[in-house]
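Structural description and commentary
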Amino acid sequence: MEKICAQFGIRPKTMSDDFIDTLMVYDWKGNIRELISVLHAAVAGGLNEPRLNPHHLPVALRIFSRKKTWEEQRPLEQGNENGLGTDETGFPSLKDFRLLNESQYLDALVGLSGGRIEKACTMAGVSRSGLYHLLEKHNKKLNP
């Protein structure tokens, strides 16, 4: 990280535990070159921030890591700590899974947009009324 930050001509950045955990879950089929490329992208995305967090990582990597973590931690009993209902196999319904992910997405969107409606709509690719509908559905407010 120090080397990459030096290439950008900036101070070395710290990495959150979640950032490192997300990197650790990924398979890295492209080995060290792929890792270096991802770190360059993360530093570029968090250029003005002292600490890198998972939202600085490419979306595809975050999705892969989340899916893999989900598969490894799949609940075995009816329901789990996230409130997801499950069937006899311990797997949540698609509806419950979508609701949980939609809610977590909205939390991240509100944070990354700074609570600004125009920015949030642009980032999410939805209309103002569509975003307000989703926020109301999950009992969330735009201003954090």
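Residues numbered from 1 in each chain as written. Predicted model: local features only at pLDDT ≥ 70, side-chain atom pairs only at ≥ 80, totals over all residues. Heavy atoms only, no water.

1. Thoughts on unusual backbone geometry
The bulk of non-glycine residues show a negative phi, and the bulk of peptide bonds are trans. Rules: Put simply, DSSP H or I for four residues or longer makes a helix, DSSP E for two residues or longer makes a strand, and each gets a number counted from the N terminus. For every residue, the accessible area obtained with a 1.4 Å probe (protein chains only) is divided by the maximum for its type, and the residue is called buried under 20%, exposed over 50%, and partly exposed between those limits.
Despite not being glycine, Trp28 has its phi angle at roughly 55°, a positive value. Structurally, Trp28 is set in the loop between helix H2 (17-25) and helix H3 (31-45). Owing to a relative accessible area of 16%, Trp28 belongs among the buried residues under this scheme. Of note in this structure, Asn139 is not a glycine but carries a positive phi near 55°.

2. Remarks on the packing of helix H5 (residues 94-112) against helix H6 (residues 117-124)
The line we're drawing: In this description, a line fitted to the C-alpha atoms serves as the axis of each element, helices being fitted only across the stretch in contact, and the angle between N-to-C directions of two axes falls anywhere from 0 to 180 degrees. An angle below 35 degrees is treated as roughly parallel, one above 145 as roughly antiparallel, one from 65 to 115 as roughly perpendicular, and anything else as oblique. Here a crossing is called left-handed whenever its near helix is offset anticlockwise from the far helix by less than a right angle, and right-handed whenever the offset is clockwise. Every residue pair with non-hydrogen atoms within 4.5 Å of one another is taken to be in contact. Residue classes follow a fixed rule: Ala, Val, Leu, Ile, Met, Phe, Trp, Tyr, Cys and Pro count as nonpolar, while Asp, Glu, Lys and Arg count as charged, and any other residue, Gly among them, counts as polar.
Two elements in contact, H5 and H6, have axes separated by 9 Å at closest approach and are oriented at 130°. What the angle tells us is that H5 and H6 run oblique. Where H5 crosses over H6, the handedness of that crossing is right-handed. From H5, Tyr105, Leu109 and Leu112 reach across to H6, where they touch Lys119, Ala120, Met123 and Ala124. Of the residues that constitute the contact of H5 with H6, the class distribution is six nonpolar, no polar and one charged.

3. Re the packing of H6 against helix H7 (residues 128-137)
Angle between the axes and distance between the axes are the two parameters that describe a pair of packed helices. Where H6 contacts H7, the axes come no closer than 9 Å and their chain directions differ by 95°. By the angle class used here, H6 and H7 are roughly perpendicular. In contact with Ile117, Glu118, Ala120 and Cys121 of H6, H7 contributes Arg128, Leu131 and Tyr132. Classifying every residue of the contact of H6 with H7 gives five nonpolar, no polar and two charged.

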